[in-house]
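Coordinate analysis (summary)
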Amino acid sequence: MKRQIPLMIVLILGLLFVAHVFIPSKLSSDYLDWFMKWTKVIGPFAIVLGVFSLVLVHYNKIKRKAPNWGYSLVTLGALIVTTAVGFIWGIQEGTPYMWIFKNFNVPLGATMFSLLAFYIASAAYKAFRARSIEATVLLVAAIIVMLGRVSIGQAITHWIPDITEWILNVPNLAAKRGIALGVGLGMTATSLKIMLGIERSYLGGRD
Amino acid sequence: MKFADRIQKVDRRIIYGILALAVILPLVFRLGLKTYTTTPVEDLYRHIDAAAGKDDMAIIMDFTHDPGVLPELYPMDLAILRHCFQRNIKVFTISFLPQGAAIIQLALSEVKEDYPNIEANVDYCNFGFKPWSLKLPIMLGMGDDIAEAVETNSEGLKLENLPIMQNMKNYDNIQVVVEISGSSMGQFWVTYARAKFGVDVAVGLTAVMAADVYPFLQTGQFVGSLGGLKGAAEYEQLVDIFAMNNTEFSKKNARNMAWVEAQYKELPELAKLYKYNKARIGMDAQAIVHVLIILFIILGNIGYFLDQRAQKKKFVK
């Protein structure tokens, strides 16, 4: 029963959603309204669950003095302080919450993302080689697009931005659409497998 | 050590150092490179501008992005908000990420200080943070009734009682939803809001995501897009040359660099503030870095081919 009931819920709700999309009627519209109300009630519990799980994982790490437990201390400290200042003084501009956001969250986030530029530069120098015809085509396309996406490309000749637009609008678009179709079909197949109980890994444990 | 080996084995720290200089120097000493606008950005500008002065039309700006992508996306946030406040376009802001709510506060307060007549809940309304798990009910619910789906603004006030909502009911009153993010969040708006209710959707994305939107642009599922810092720089320029002069958009003028230069000479002081030029200043650095990376690729490949040739010669001997 531990497995049958969840599988039945998935099958019934899955079929109801398929029916809602393909058989438009008042009944299916009412069903969606009913579902939305339930989602609004159940959804926020995910936050409670997430916070509880985060605290539990890091608390245990600190308690066991696991490797790098100091980071867990910082995580929990940040969670408690940010939540507390948000509750006490609010989250509007000019509050301590916004000070934390502007002086910790923004620079730390931007630093992490900006490291990408250094990795790309290093990879471009050390790994981006014209070893084959395919790699050469990719390399030439990359150079044209990089030039075409900045004003220097236009300054050299208007052909560079024009070719850049063509690369993005034709070969890139065709490849992206092919991938999207593949992903779409894969998602449909996986959804069917879940609804029919063939794919059960989301239930956890063994089949 | 041979020349080919030397090129191949350059210390990473030298590459990092040169790159850091290529980023920092153009930011300190402005090059003032020109900005050329492209169709997806012009389309988005034109689309938003069509709501100018209309009491029963608004745009939705979804700030579902975190601080990591602010250098690229924040200039977009500011440019679109400035466009709306300058041209009297109503704005709803929302975020499905908690950090996004803080970014909304930051952007609104930064632009609002230059537009003292703009009032919260009258000219714009900040819906604030809504949990990720509620995105589906909110996206679908707004198709019937925005006030019922969103319920409260960021201050906890009931939407139905706010002056801005007097002429607003559902997506029929939404000119365009602009999703600004470093993810594929825009596709959710297409799947749920556009497919079911026909609302127009546009996106502002990081440069690495920009190539993903072309299939959606071709089909019209996205009515426009801003790709990375370049997209933001183009939008900043369009706001400067059209919105700041309260003139209608014209593609012909936007592409005429002599006309654009002439508009720049007559800009009000407000448009010259650093915060409204961030993307264009950043594009100077980006242009130099792109050229530098191209040089790195060429140098790396010269070293590779010299090395290959030397090895072939050795093999023949």
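A brief report on the enclosed structure follows. Bear in mind that the values here come from a model prediction, so they are computed numbers and not experimental data. (Residues numbered from 1 in each chain as written. Chains lettered and ligands numbered in written order. Predicted model: local features only at pLDDT ≥ 70, side-chain atom pairs only at ≥ 80, totals over all residues.)

1. A short note on the interface of chain B and chain A
Rules: Note on contacts: each residue gets a C-beta atom placed from the backbone, and two residues are in contact if those atoms are within 7 Å. Put simply, DSSP marks the helices as runs of H or I at least four residues long and the strands as runs of E at least two long, and each gets a number from the N terminus on. Gly is placed with the polar residues, together with every amino acid not listed as nonpolar (Ala, Val, Leu, Ile, Met, Phe, Trp, Tyr, Cys and Pro) or charged (Asp, Glu, Lys and Arg).
Across the contact, 48 residues belong to chain B and 46 residues belong to chain A. Among the elements of the structure, α2 (12-28), α4 (70-86), α5 (98-112), α6 (135-141), α10 (214-219) and α14 (278-316) of chain B are those that each provide at least two residues to the side of chain B that touches chain A. The leading source of residues in the side of chain B that touches chain A is α14 of chain B, at 14 residues. Of the residues belonging to the side of chain B that touches chain A, the class tally is 31 nonpolar, twelve polar and five charged.

2. What about the sheet that holds strand β3 (residues 124-129) of chain B?
All names here are of chain B. Put simply, the rule reads: Only strands that DSSP links by at least two bridges are regarded as paired with each other. As a rule, the C-alpha atoms of each element are fitted with a line to give its axis, helices using only the stretch in contact, and angles between N-to-C directions run from 0 to 180 degrees.
One open sheet holds the six strands; their spatial order is β3-β2-β1-β4-β5-β6, and the pairing between them is parallel. If you trace the sheet from one side to the other, it starts and ends with β3 and β6 (222-227), each paired once. Each adjacent strand pair in this sheet contributes to an overall mean axis angle of 15°, direction not counted. Looking at chain direction, strand β1 (residues 58-62) and strand β4 (residues 174-181) are connected through five bridges and run parallel. Bridge pairing in β4 links I60 to V177. Here α5 sits on the sheet and contacts β2 (90-95) and β3; the angle it forms with β3, its principal contact strand, is near 155°. Along the sheet, helix α11 (residues 228-241) contacts β5 (201-205) and β6; its crossing angle with β6, the most-contacted strand, is approximately 110°.

3. What to know about the packing of helix α5 (residues 96-126) of chain A against α14 of chain B
Put simply, the rule reads: Angle categories are assigned with fixed cut-offs, so that under 35 degrees is roughly parallel, over 145 is roughly antiparallel, 65 to 115 is roughly perpendicular, and the rest are oblique.
As a packed pair, α5 of chain A and α14 of chain B sit with axes 7 Å apart at the nearest point and diverge in direction by 30°. If you check the angle between α5 of chain A and α14 of chain B, you find them roughly parallel. Contacts between α5 of chain A and α14 of chain B involve A117, I120, A121, A124, Y125 and K126 of chain A from the first element and V289, I293, F296, I297, L299 and G300 of chain B from the second. Taken together, the residues of the contact of α5 of chain A with α14 of chain B sort by class into ten nonpolar, one polar and one charged.

4. Thoughts on unusual backbone geometry
Residues and elements named next belong to chain B. Positive phi, close to 70°, is recorded for N121, a residue that is not glycine. Examined against the element boundaries, N121 turns out to sit in the loop between α5 and β3. The phi dihedral of E151 is positive, around 70°, even though this residue is not glycine. Among the structural elements, E151 can be located in the loop between α7 (146-150) and β4.

5. Some remarks on the nonpolar core
Residue and element names in this part refer to chain B. Just so we agree on the cut-off: Joined through C-beta atoms within 7 Å, a set of buried Ala, Val, Leu, Ile, Met, Phe, Trp, Tyr and Cys residues constitutes a nonpolar core. Residue burial here comes from a neighbour count, namely the number of other C-beta atoms, placed from the backbone, that lie within 10 Å of the residue's own C-beta, with 20 or more meaning buried, 12 or fewer meaning exposed, and in between meaning partly exposed. The source of the domain bounds is an automatic or database domain assignment.
Core analysis: the largest hydrophobic core is formed by 112 residues, its most contacted members being I59 and Y235. Looking at which element gives the most residues to this core, the answer is α4, with ten residues. Summarising the domain contributions, this core has at least three residues from each of domain 1 (3-28 + 288-316) and domain 2 (39-276). If near-sequence neighbours (up to four positions away) are discounted, Y235 is found in contact with V41, Y45, M76, A79, I80 and L226.

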